[in-house]
Every structure is written in C-alpha cells, then in structure tokens.
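In case you want the letters, here they are:
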Amino acid sequence: MRKVIGIGETILDIIFKNDQPIGAVPGGSTFNGVISLGRTGLPTALISETGDDRVGRRVISFLEENHVDASSVSVYPESKSPISLAFLNEHNDAEYIFYKDHPHDRLEMIYPDIQPDDIVMYGSFYAINPVIREQMAAFLTFAHERGAILYYDVNYRSSHRHELMKVKPNILENFELATVVRGSKEDFEVMFDMQDAEKVYRSEISFYCKNFIYTQGSEPLEVRGVGGQSLQYPVEQTSTVSTIGAGDNFNAGFVYGLVKYGITREMLETGISKEQWDHLVSEAQQFAANVCQSINNSVDESFAEQKKLELETSLKEMENANE
C-alpha cells in the first residue's frame, strides 16, 4: 500500500474554554493529520523533533498508539518540548499562544523509504523556517525526485507577518515542489494582501503548481486545476465543539482520498476529472467535519474504523480490476 510521510512540528495543545483548561492533546498541524491517517490503517510516518521530557515521551507514545511510525522523530536531551495554549472563543475558534525552545531547532533528519506515488504532507512555518530550511528543502527535493506526491498546506499565520520578506523564497520553492497547494483566505491575506481565489491562483500559484485548493471557513471552497479547471464546493454548516485541527484534517481527508481512489502523481500533473475532485473534496470535508465534533485534534476511532473499511474495499476493487 502507498505510504504517507508527514513532516512538521510536535506540540502539546492545552485547550481553554472560558479561561479554564478543558483538555491537553498532542498536536501540530501535520501531526494532527498523520494521526487521523494512522487510525484509518494507512501506512504513515512522521519526521519531527521533540524534547526528552514528559511531553516528548507522551508525543511519541501517542504516535505509536495510533499506528504512526515515530522512528524519524529526533529526541533532543537538552531541549524542552513545545507547548501551545489554545483559547476557544464563543464560536469555538482558537486563539493560540506558543511556547517553544527555539535554539534547539535543528532537525537531524532520518529519511524514511519513499516510493513513487507515496504522499508527503508539509506546511505551516515549520516548512519555511530558515533555521531548518536546508534540511527541509533537501528532503522535499529528494521526495519529489523519488516520484512522491507533495501536498503543501501554506498555513501562514499573521503572527509571522513581520518575517514574510525573509521566508518568501522558501514559500515559492515549496510551491514549485508541490503537486497540490492548499491555503486559506487568511493565509493569502497575510502573505499577498489578496482575497480572491482566482487572483491568488493566477498571480501567485499557477506558475509553480497547477492544483490549488482555496478554503475560506464556512464560505464555499474553490479548486483550480490543470487545463483551466475552476470548481466550487459549498461547506456544510455543522455545530462545532472546537475548530482546532479542522484544516489539518481536511488535508488528511484529501490525502486519504488520493489513496482510496488510486490517484497518482501523473494523474494530478496531467489533470484529474471533476468527479475525481468531487471525491477528494468530499473525503476532506468529512474528515474536517468529524474533528470539529470534539476537543481532539484528529478524527475519532469509529469514524476512522469506517474509513479503514472503505479503504480496504476500494483497494481490493482496484486490485481485482487490474487482474
């Protein structure tokens, strides 16, 4: 079966409602997605780093409990593991405060095996951080050359607005290596001072990457694809407990869909059909909706079990069709 390799930070999210802590869960933008994928039975690994402390040990055990290969997570003895405080507002959207031991960002990377059409997920500031850019760029280039699909979630927060000039070359390089780029309305407002999906795609994305997903919260999401494809999908309105991890699990659902529906890098590069986009976006939205129903950062076990059965059935059908 095809593999998914995530690369990103690990963090312990301490969640507050009405200024009182209501939970603490291991997280990180790519981390949340790979946990969900591990639960669905997809072979999944994470490249990351953590401290040799109670939080770091919990992060690694959490990965292993959820069937994610943690052998590429570097543990630094003299470093504290990062934590974040997430304060939920009346709409259950989160405002974050991050605490991180930055001097020890160095990412001594252990490459997992990568085969054609395996999928690499990357994004957020971790994917453009100047401190580890050399290692990040080398790994992404390696994965690209090995024939992997690279899925890039921009996820550029306003707290990094002042660093944009310094990291923009890294963002553009990530666009160029990507097979699919996803970003939110907020990302592109911060980065390019633009709010229109078509304008963002034409002026900033399409030169580097033809497959683009533009999300805008509860408003319809926009897709742009090879050959001038332009699609729009409504977002179902549901009651939420917490929106933490919604975007991360949108990514996970999309990646799950790539495997479930047998979509390869070559297909993405030459152009997939509207029906195939429909399937991928549907999976992405199902994963995102599920994670909003709890304070956890990843999909719940019963949902994952259902997706595991769907995946097994789909792969079996594809196998039979190819015989």
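Scroll up a little and you will see the structure.
Residues numbered from 1 in each chain as written. Predicted model: local features only at pLDDT ≥ 70, side-chain atom pairs only at ≥ 80, totals over all residues. Heavy atoms only, no water.

Of the voids in this model, the second largest pocket is the one considered here, and its volume is about 170 Å³. Along the walls of the second largest pocket sit Met1, Arg2, Asp117, Val259, Gly262, Thr264, Leu315, Met318 and Asn322, which together make up its complete lining. Examining the composition of the lining of the second largest pocket, we find that three residues originate from one element, helix α10 (residues 301-322), more than from any other. When its residues are assigned to classes, the lining of the second largest pocket shows four nonpolar, three polar and two charged. (1 Å grid on protein atoms, 1.4 Å probe; cavity = no way out; pocket = protein on both sides within 12 Å on 5 of 7 lines; lining within 4 Å. Points joined across faces, edges and corners; volume = space filled by probe spheres on them. Helix = DSSP H or I, 4+ residues; strand = E, 2+ residues; numbered from the N terminus. Nonpolar A, V, L, I, M, F, W, Y, C, P; charged D, E, K, R; others polar.)

Here the focus is the sheet that holds strand β8 (residues 94-99). Sheet architecture is open: four strands sit in the order β3-β2-β7-β8, paired in mixed fashion. Two strands bound the open sheet, and with one partner strand each, they are β3 (20-27) and β8. When the angles between neighbouring strand axes are averaged without regard to direction, this sheet yields 20 degrees. (Pairing = 2+ DSSP bridges. Axes fitted to C-alpha atoms, helices over the stretch in contact; angles between N-to-C directions.)

Looking now at the pairing of strand β9 (residues 119-123). Counted residue by residue, β9 has five buried out of five residues, so it is predominantly covered. Note: strand β1 (residues 4-7) against β9, four bridges, orientation parallel. Its bridge partner being in β9, Ile5 is matched across the sheet by Val120. Here β9 runs beside strand β10 (residues 149-153); their pairing, made up of five bridges, is parallel. In the strand pairing of β10, Val120 is matched with Leu150. The β-α-β motif built from β9, the intervening helix α3 (residues 133-145) and the parallel element β10 has right-handed crossover chirality. (Buried < 20%, exposed > 50% of the residue type's maximum accessible area, 1.4 Å probe, protein only. Right-handed = clockwise from strand over helix to strand, strands pointing away.)

Running from amino to carboxyl end, helix α7 (residues 246-260) crosses helix α9 (residues 274-291) at an angle of 140 degrees, the nearest separation of the two axes being 7 Å. In this view, α7 runs oblique relative to α9, as classed from their interaxial angle. Classified by chirality, the crossing of α9 by α7 is right-handed. Residues Ala246, Asn249, Phe250, Ala252, Gly253, Phe254, Tyr256, Gly257, Leu258 and Lys260 of α7 form the contact with α9, whose own contacting residues are Trp277, Leu280, Glu283, Ala284, Gln285, Phe287, Ala288 and Val291. Considering only residue class, the contact of α7 with α9 consists of 12 nonpolar, four polar and two charged. (Parallel < 35°, antiparallel > 145°, perpendicular 65-115°, else oblique. Left-handed = near helix turned anticlockwise from the far one by under 90°. Contact = heavy atoms within 4.5 Å.)

The next subject is helix α2 (residues 54-65). In this model α2 runs 16 Å from its N-terminal to its C-terminal C-alpha over 12 residues, within 8% of the 16 Å that 1.5 Å per residue would give. Of all the residues in α2, the buried ones are Gly56, Val59, Ile60, Phe62 and Leu63. When α2 is viewed along its axis, its buried side chains cluster within an angular range of 160 degrees and face the same direction. In α2, the exposed positions angled more than 90 degrees off the buried face are occupied by Arg54, Arg57 and Glu64. (Expected span 1.5 Å × (residues − 1). Arc of directions from axis to C-beta.)

Attention now moves to the pattern of salt bridges. For the structure shown, the criterion picks out 17 salt bridges. Between Lys260 and Glu310 there is a salt bridge, and its shortest N-O distance comes to 2.6 Å. With a gap of 50 residues between them, Lys260 in helix α7 and Glu310 in helix α10 connect regions that are remote in the sequence. Overall, the relative accessible area of 9% leaves Lys260 in the buried class. Given a relative accessible area of 22%, Glu310 falls into the partly exposed group. (Salt bridge = Lys/Arg side-chain N within 4 Å of Asp/Glu carboxyl O.)

In this structure, Val120, Tyr122, Tyr152 and Tyr156 are the most contacted members of the largest nonpolar core, which totals 40 residues. Looking at this core, the elements with two or more residues in it are β1, β9, α3, β10, α4 (164-177), α5 (185-192), α6 (197-205) and β12 (211-216). If you tally residues by element for this core, the top one is α4, at five residues. Excluding anything up to four places from it in sequence, Val120 contacts Ile5, Ile114, Phe139, Leu140, Ala143, Ala148, Ile149, Leu150 and Tyr151. Counting residues in each nonpolar core, the second largest holds 33 residues, with Leu221, Ala252, Val281 and Ala284 among its members. (Core = buried A, V, L, I, M, F, W, Y, C linked by side-chain atoms within 4.5 Å.)

What follows is about the environment of Gln232. Counting through the fold element by element, Gln232 comes out in strand β14 (residues 229-233). Considering only alpha carbons, one finds Gln232 and Phe175, 57 residues apart in sequence, at a separation of 22 Å. A polar side-chain atom of Gln232 sits 2.8 Å from a polar atom in the side chain of Glu222. (Polar contact = N/O pair within 3.5 Å; in protein donor to acceptor, adjacent residues only side chain to side chain.)

Between helix α1 (residues 29-39) and α2, the least distance of the axes is 9 Å, while the angle of their chain directions is 35 degrees. For the pair α1 and α2, the contacting residues are Phe31, Ile35 and Arg39 in the first and Val59, Phe62 and Leu63 in the second. Of the residues belonging to the contact of α1 with α2, the class tally is five nonpolar, no polar and one charged.

For any pair of aromatic rings, geometry is given as the distance between the ring centres together with the angle between the planes. Under the defined criterion, the tally for this structure stands at 18 aromatic pairs. Both rings, one in Phe16 and one in Phe87, keep their centres 4.7 Å apart while their planes meet at 25 degrees; by these two values the pair is stacked. Within this pair, whereas Phe16 is found in strand β2 (residues 11-17), its partner Phe87 is found in strand β7 (residues 83-88), the two being separated by 71 residues in sequence. The interplanar angle of 85 degrees and the centroid separation of 5.1 Å between the aromatic rings of Phe207 and Tyr208 together place this pair among those described as edge-to-face. Through successive ring pairs, a cluster of aromatic residues spans Tyr122, Tyr152, Phe175, Phe207 and Tyr208. (Phe/Tyr/Trp six-rings, centres within 6.5 Å; stacked < 30°, edge-to-face > 60°.)

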